[in-house]
Each structure stands twice: as C-alpha cells, then as structure tokens.
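The residues making up each chain are set out below.
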Amino acid sequence: MPLSIAKMTRLFTFNGIRLPDPNPNMSVDEVKALYSAQYPELATAVVNGPEAVGDKMRYSFERAIGSKG
C-alpha cells in the first residue's frame, strides 16, 4: 500500500470567525499581526494550536483576559 503525503492547509479562528490563511509562507505570528489591523483584540491574543481538523490545521486566537487597574 503506497503512502501519500498531502500538505495540510491552515485555518485560523477568532471569536467564532473563520479567517483564511493569507499566505502559507507567513508564520502564525505574522498572520496574527496582519489580522490585528482589522481585529485590534488580536494584538494581545493568545495562539492555541495547531489542532488537526480533517485536512486542515486549526489555530485559534483567543483574547487575553485581564483586569484594568
């Protein structure tokens, strides 16, 4: 039985929103910085993952929870 190798695509999620991978050559931190212009909460978000979901690798951006003062 021959083995086949398939490259898994990345999927990013934030607050229930699916964000497409802008460039597979970018690092996860670069993707986070790119999307932080549109979603300012990403500037302090934590990256969770990758988690294999089907043929995709899912990274989740989660808001940092803290208190003011």
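Just so we're clear, the structure is a prediction, and the values are computed from it rather than from any experiment.

Peer 1: For the packing of aromatic side chains, give the residues involved together with the corresponding values.
Peer 2: If you walk through the whole model with that rule in mind, you get three aromatic pairs. Between the aromatic rings of Phe-12 and Tyr-59, the centroid separation amounts to 5.4 Å while the plane-to-plane angle is 25°, which identifies the pairing as stacked. Taken together, the positions of Phe-12 in strand E1 (residues 9-14) and Tyr-59 in strand E4 (residues 56-62) put the pair 47 residues apart, joining distant regions of the chain. Between Phe-12 and Phe-61, the aromatic rings sit 5.6 Å apart at their centres with planes inclined by 5°, giving stacked as the arrangement. A residue pair is termed long-range when its members are at least 10 positions apart, and Phe-12 in strand E1 and Phe-61 in strand E4 qualify at 49 residues. With a relative accessible area of 2%, Phe-61 lands in the buried category. Feature note: the residues Phe-12, Tyr-59 and Phe-61 constitute an aromatic cluster, connected by ring pairs.

Peer 1: Account for helix H1 (residues 28-35), with residues named and values stated.
Peer 2: Every buried residue of H1 is accounted for by Val-28, Val-31, Lys-32 and Tyr-35. Down the axis of H1, the buried set is contained in an arc of 100°. They therefore lie on one face. The exposed set on the far side of H1, more than 90 degrees from its buried face, consists of Asp-29 and Ala-33. Looking at the buried side of H1, the elements it contacts are E1, strand E2 (17-19), strand E3 (46-53) and E4.

Basis of the calculations
Residues numbered from 1 in each chain as written. Predicted model: local features only at pLDDT ≥ 70, side-chain atom pairs only at ≥ 80, totals over all residues. Heavy atoms only, no water. Phe/Tyr/Trp six-rings, centres within 6.5 Å; stacked < 30°, edge-to-face > 60°. Helix = DSSP H or I, 4+ residues; strand = E, 2+ residues; numbered from the N terminus. Buried < 20%, exposed > 50% of the residue type's maximum accessible area, 1.4 Å probe, protein only. Arc of directions from axis to C-beta. Contact = heavy atoms within 4.5 Å.

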